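Observations on the model geometry
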Amino acid sequence: MIDDVLPPPLVDLLSGALGAEPADATPVGGGMINRAARVRVRDSDVFVKWNERAPPHFFAVEADGLNRLRDVGALRVPDVLTFEDNAEEGLAFLALEFIESIPPQNPERIARRFGEGLAALHQNVSPDGAFGLDTDNYIGTLPQRNSARTDWAEFYRDCRLLPQIAIAHGRGFLDEERERGLLRIVERLPVLLADLPPRPALLHGDLWNGNFVPSGDEPVVMDPAAYYGEREMEIAFIELFGGFPPGLVPAYQAAFPLDPGYARRRPLHQLYPLLVHLNHFGEGYGPDVDAICRRYSA
Ligand code: ADP
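Bear in mind that the values here come from a model prediction, so they are computed numbers and not experimental data.

1. Quick look at the domain arrangement of the protein chain
- Here the protein chain is described as being made up of domain 1 (2-97) and domain 2 (107-296).
- Using only C-alpha atoms to locate each centre, domain 1 and domain 2 end up separated by 26 Å.
- In this complex, domain 1 contributes 20 residues to the contact, which on the side of domain 2 involves 29 residues.
- Scanning the region where domain 1 abuts domain 2 turns up three salt bridges.
- Across the pair Arg 76 and Glu 218 runs a salt bridge, and its minimum N-O distance is 3.1 Å.
- The interface formed by domain 1 and domain 2 holds five residue pairs in polar contact (both at pLDDT 80 or more) in total.
- A per-element tally of the side of domain 1 that touches domain 2 places helix α3 (residues 58-72) first, with nine residues.
- Broken down by class, the residue content of the side of domain 1 that touches domain 2 amounts to 13 nonpolar, two polar and five charged.

Right, here's the structure in full:
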């Protein structure tokens, strides 16, 4: 029964927005935040995710991120069909083209396409030369500030690390030593990042392996937290949690080599996703944060 899978108001909203009644729905698992289903509408499948407590503009900014990535054309993303934030008392939803997960035939080929696609994405530099985006968005459910800064160290401090440190403080995830270590890193950012040329590249922004589906040998990425940032953020994030086709990063490096010193800066750029995970999922991520603090404490 469709009503066992989708909340009844969502069935009505989808019928209105897609111009046809959903005929069938199957739950899709694997998400960290929203509920999701594969919904049969007319003769095709639609991926629908919804949230009954979504923060403001939650799916509008996700749709905006997907559209930006799709417009660049470097990596395939699902088409945005429709979305509504605050459609009904707290209910928000996003409907996307359904991407069938098809195991790759040729693992080297998908790794190469992924690495080269990501390199092509990162060749897109922000039109005004600033890091950030013209809209704030979310990383998971946490707000992600995108105010313009022309200096990466400043952007990373003001829009990435300090807001997450404040959230961690508020949620009780910082003891004195951790807080001191984090603030020491923040203070040293201009020195630690001094070698990087300023190049605000369009990033997916949340590339853990749950946001990637193979469609045969074509990689498809979803659920972005897009912004113009330092591209090392994306590669450091990929290398942090892994689970991508082996060969992705070498293919990226061959297409668009990272700047010298990347390996030295990698943990610094992994600090943001680790703080985001600490704030979402708790102390399990604390020791990794502490190890990074120790590494840059000198
Ligand atoms: P979250 O709750 O973290 O936002 P999603 O709702 O985006 O997660 O995704 C939940 C699961 O559905 C993930 O495993 C993801 O791979 C899959 N998925 C996301 N978008 C699509 C899509 N357009 N087509 C098919 N599967 C998708």
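Here the narrative resumes.
2. Some words on the sheet that holds strand β5 (residues 91-97)
- Across the sheet, which stays open at both edges, the five strands sit in the order β1-β2-β3-β5-β4 with antiparallel pairing between neighbours. Strand pairing shows two members of the sheet lacking a second neighbour, β1 (22-28) and β4 (80-88), which therefore form its edges. Sheet twist, expressed as the mean angle between neighbouring strand axes with direction ignored, is 25 degrees.
- Both strand β3 (residues 44-51) and β5 contribute to a ladder of six bridges, which runs antiparallel. Its bridge partner lying in β5, Val 48 is registered against Ala 95.
- Where α3 meets the sheet, it contacts β3, β4 and β5, and its direction lies at approximately 165 degrees from that of β4.

3. Some thoughts on the site of the ligand
- Taken together, 17 residues sit near the ligand, with Asn 34, Lys 49, Glu 97, Ile 99 and Asp 223 positioned nearest.
- Glu 97 is positioned with one of its backbone polar atoms (N or O) 2.9 Å from a nitrogen atom of the ligand.
- A distance of 2.9 Å separates an oxygen atom of the ligand from a polar side-chain atom of Asp 223.
- Calculation on the ligand without its partners gives an accessible area of 560 Å², and the protein chains cover 90% of this total.
- Its atoms largely coinciding with the cavity grid, the ligand occupies the largest pocket.
- For the shell around the ligand, the secondary structure elements donating two or more residues are β3 and β5.
- Its residues assigned to classes, the shell around the ligand shows ten nonpolar, four polar and three charged.
- Inspection of the shell around the ligand shows a minimum of three residues originating in each of domain 1 (2-97) and domain 2 (107-296).

4. Describing empty space enclosed by the protein
- Per the counting criterion, the structure on display carries one cavity of 30 Å³ or more.
- Approximately 50 Å³ is the volume found for the largest cavity.
- Taken together, Leu 203, Gly 205, Asp 206, Tyr 227, Met 233, Glu 234, Phe 237, Tyr 272 and Pro 273 form the lining of the largest cavity.
- For the lining of the largest cavity, the secondary structure elements donating two or more residues are α7 (232-241) and α9 (262-281).
- If you tally residues by element for the lining of the largest cavity, the top one is α7, at three residues.
- The residue makeup of the lining of the largest cavity, split by class, is six nonpolar, one polar and two charged.

5. Observations concerning the packing of aromatic side chains
- The full count for this structure, using the stated rule, is 15 aromatic pairs.
- Note on Phe 241 and Tyr 285: the rings are 6.4 Å apart at their centroids and 90 degrees apart in plane angle, and the pair reads as edge-to-face. Taken together, the residues Phe 241 in helix α7 and Tyr 285 in the loop between α9 and α10 (286-295) connect sequence positions 44 residues apart.
- Residue classification places Phe 241 among the partly exposed residues on the basis of a relative accessible area of 30%.
- By the ring-pair criterion, three or more aromatic residues cluster together here, those being Phe 131, Trp 152, Phe 155, Tyr 156 and Tyr 227.

6. A short note on the nonpolar core
- Ranked by size, the top nonpolar core spans 73 residues in total, and within it Leu 118, Trp 152, Tyr 156, Leu 161 and Leu 271 carry the most contacts.
- No other element matches the nine residues that helix α5 (residues 152-170) contributes to this core.
- Taken domain by domain, the makeup of this core includes at least three residues from each of domain 1 (2-97) and domain 2 (107-296).
- In this structure Leu 271 touches Tyr 156, Leu 161, Leu 182, Ile 185, Val 289 and Ile 292, once residues within four positions along its chain are discounted.
- Counting 20 residues, the second-largest nonpolar core is a separate cluster that includes Ile 2, Ala 25, Ala 87 and Phe 93.

Thresholds, definitions, all that
- Residues numbered from 1 in each chain as written.
- Predicted model: local features only at pLDDT ≥ 70, side-chain atom pairs only at ≥ 80, totals over all residues.
- Heavy atoms only, no water.
- Domains from an automatic or database assignment.
- Contact = heavy atoms within 4.5 Å.
- Salt bridge = Lys/Arg side-chain N within 4 Å of Asp/Glu carboxyl O.
- Polar contact = N/O pair within 3.5 Å; in protein donor to acceptor, adjacent residues only side chain to side chain.
- Helix = DSSP H or I, 4+ residues; strand = E, 2+ residues; numbered from the N terminus.
- Nonpolar A, V, L, I, M, F, W, Y, C, P; charged D, E, K, R; others polar.
- Pairing = 2+ DSSP bridges.
- Axes fitted to C-alpha atoms, helices over the stretch in contact; angles between N-to-C directions.
- Near = heavy atom within 4 Å.
- Areas by Shrake-Rupley, 256 points an atom, 1.4 Å probe, with all protein chains shown as cover.
- 1 Å grid on protein atoms, 1.4 Å probe; cavity = no way out; pocket = protein on both sides within 12 Å on 5 of 7 lines; lining within 4 Å.
- Sits in = over half its atoms within 2 Å of the grid points.
- Points joined across faces, edges and corners; volume = space filled by probe spheres on them.
- Phe/Tyr/Trp six-rings, centres within 6.5 Å; stacked < 30°, edge-to-face > 60°.
- Buried < 20%, exposed > 50% of the residue type's maximum accessible area, 1.4 Å probe, protein only.
- Core = buried A, V, L, I, M, F, W, Y, C linked by side-chain atoms within 4.5 Å.

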